[in-house]
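The primary structure of each chain is shown beneath.
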Amino acid sequence: MQAVYRTSPSSRPCALSFGNGGVPLPFLAGLAKSGKQQLQTQQRRWKSPHSQLNVEAPAAKEWTTVVEQGGDKLEICRVINGMWQTSGGWGKIERNSSVDAMLKYADNGFTTFDMADHYGPAEDLYGIFINRVRRERPPEMLENIKGLTKWVPPPGKMTGAYVRDNIDISRKRMDVKSLDMLQFHWWEYSNPEYLDALKFLADLKEEGRIKTLALTNFDSQRLQIILENGIPIVSNQVQHSVVDMRPQKKMTELCQISGVKLITYGTVMGGLLSEKFLDTNVSIPFAGPPLNTPSLQKYKRMVDAWGGWSLFQKLLQTLKSVASKHGTSIPAVAVRYILDQPSVAGSMIGVRLGLSEHIHDSKAIFSLALDEEDRDKILTVIQKGKDLLKVIGDCGDEYRRA
């Protein structure tokens, strides 16, 4: 992730209250036709996504889950469309074909989209998309669409006006009165202004500009501080895959106490966790598929930190064995394994809008049930790698270390 700053405010100190090191129990307890004809035609074409499945249809509740804290709650699809790929580096994005692709994902039941203020045109594309949903789809589908965005400010002085102005930019770009979820990221823990920013964001939530407040790439210690300050966090978006199991250490322990859920990214490691990279050697030039996207390059570094390419091949072979047993793919197994982990509400799969799609494979995730033998086989290989909590640190520390 690269910081893209809108302004550069100065710093202001803020006192922290650490309490006795635990989350307070009282907080946890409270926690070319006419427009009308065209609309009718489009609405008649729309059907429940579960009637369109090419795989065994799972129970509808398996497709979605609710993240909540206190009186705040939001229902999301458990497989989330990640829009980092619109920011450049994965191929040219064309507006109309991108929005068409977003509609296709939504029509197939993948109704939750994740973006950020600095993901190129992501928020603008969502604004165009949601307006087409309003015009061309029935009201019940519109209710299911969720747009999760992020605000990534520079670590400086936070004021109510500054926070409000930035959130209003996202509301305008996404063309919504209220953001379904605002996920907050902070670059420097040494600057405690993040608490002020979150308190102002909580005020905006009370005003109706934001429906639910969440975090992205916060570690366990800072999440606990935030909860102790009475800020209602519904989820924390963190990197989590069969290679990177750090969230199942300190973070999950706190999540199970507080009710905060995890939204995971990097779950298919930019495509490394796929048949495409099985039985390949990327260390030899031109011998394997090129690592030609920012996500492939990023997650290759995670593979190197975890145990190297040879061990990664053993992991891919194990995932392929499980996938063959169930008649599915490596990515489906990799995502299902993480979705089955404690406190995980949803996992993100990046979408290259208008360039490629993986709707069929993603549907297969919902009909896949890993048994104890499958999980044991995968865990055996995972445990041969290094403990990335010791190598890198807690969730998000990879963005804060030199």
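No experiment lies behind these values; they were computed from the predicted model shown.

### Description of the overall build of the protein chain
Scanning the protein chain for helices and strands turns up 16 helices and ten strands. Residues counted as buried form 56% of the 402 residues belonging to the protein chain. Working note: accessible area of the protein chain is about 16,900 Å², and carbon and sulfur atoms make up 50% of it.

### What to know about the confidence of the model for the protein chain
Summing up the model confidence of the protein chain, the mean pLDDT is 85 and the portion of residues at 70 or higher is 83%. In the model, residues 1–48 has pLDDT below 50 throughout and makes 91 contacts with residues more than four positions away in sequence or in other chains. Segment residues 50–61: pLDDT under 50, and 19 contacts once partners within four positions in sequence are set aside and those in other chains are kept.

### Section: the side chain of Asp397
Here Asp397 is to be found in the segment after helix 16 (388–391). On the accessibility criterion, Asp397 (12% relative accessible area) is buried. Here Asp394 takes part through its backbone nitrogen, which lies 2.8 Å from a polar atom of the side chain of Asp397. Asp397 has contacts with Asp219, Arg246 and Ile392, leaving out every residue within four places of it along the chain.

### Considerations on the side chain of Lys150
The topology assignment puts Lys150 in strand 5 (residues 146–151). Here Asp114 takes part through its side chain, which lies 2.5 Å from a polar atom of the side chain of Lys150. From its side chain, Lys150 meets the backbone oxygen of Met115 in a polar contact 3.2 Å long. When neighbours within four sequence positions are excluded, Lys150 is seen to be in contact with Asp114, Met115, Ala116, Asp117, Tyr119, Glu123, Leu182, Gln183, Thr216 and Gln237.

### Quick word on the pattern of salt bridges
Per the stated rule, a full pass over the model turns up 29 salt bridges. Where Arg209 meets Asp168, a salt bridge forms, and the shortest distance between an N and an O atom there is 3.1 Å. Linking Arg209 in the loop between helix 8 (193–207) and strand 7 (210–216) with Asp168 in helix 7 (residues 160–174), this pair joins segments that are 41 residues apart in sequence. Residues Glu207 and Arg209 are paired through a salt bridge, measuring 2.4 Å at the closest nitrogen-oxygen approach.

### Digging into the environment of Asp168
Judged by its relative accessible area of 23%, Asp168 falls in the partly exposed class. Counting along the chain gives eleven residues from Asp168 to Leu179, while the straight-line C-alpha distance between them is 9.4 Å.

### Some points on the sheet that holds strand 3 (residues 79–82)
Within the closed barrel, the eight strands sit side by side as 3-4-5-6-7-8-9-10. Their pairing is parallel. Pairwise comparison of adjacent strand axes, ignoring direction, gives a mean angle of 30 degrees for this sheet. When strand 3 meets strand 4 (residues 112–114), the two strands line up parallel, connected through two bridges. Its bridge partner lying in strand 4, Asn81 is registered against Phe113.

### Thoughts on the packing of aromatic side chains
Tallied over the entire structure, the rule returns 16 aromatic pairs. Here the aromatic rings of Trp151 and Phe184 are separated by 5.9 Å at their centres, their planes lie at 50 degrees, and the arrangement is tilted. Note that Trp151 is positioned in strand 5 and Phe184 in strand 6 (residues 179–184), a separation of 33 residues in sequence. Looking at Trp151, the relative accessible area reads 2%, which means it is buried. Judged by its relative accessible area of 0%, Phe184 is buried. Taken together, Trp151, Tyr162, Phe184, Trp186, Tyr189, Tyr194 and Phe218 form an aromatic cluster joined through their ring pairs.

### Structural notes on the pairing of strand 10 (residues 344–350)
Counting buried residues along strand 10, six of its seven residues qualify, which places the element largely inside the surrounding structure. The pairing of strand 3 with strand 10 spans four bridges and is parallel. Along strand 10, the bridge assignment pairs Asn81 with Ile349. Bridge analysis of strand 9 (residues 261–265) against strand 10 gives three bridges, and the strand direction is parallel. Paired with Ile263 across the two strands is Gly346, which belongs to strand 10.

Scoring rules and cut-offs
Residues numbered from 1 in each chain as written. Predicted model: local features only at pLDDT ≥ 70, side-chain atom pairs only at ≥ 80, totals over all residues. Heavy atoms only, no water. Helix = DSSP H or I, 4+ residues; strand = E, 2+ residues; numbered from the N terminus. Buried < 20%, exposed > 50% of the residue type's maximum accessible area, 1.4 Å probe, protein only. Areas by Shrake-Rupley, 256 points an atom, 1.4 Å probe, with all protein chains shown as cover. pLDDT = per-residue confidence, 0-100. Contact = heavy atoms within 4.5 Å. Polar contact = N/O pair within 3.5 Å; in protein donor to acceptor, adjacent residues only side chain to side chain. Salt bridge = Lys/Arg side-chain N within 4 Å of Asp/Glu carboxyl O. Pairing = 2+ DSSP bridges. Axes fitted to C-alpha atoms, helices over the stretch in contact; angles between N-to-C directions. Phe/Tyr/Trp six-rings, centres within 6.5 Å; stacked < 30°, edge-to-face > 60°.

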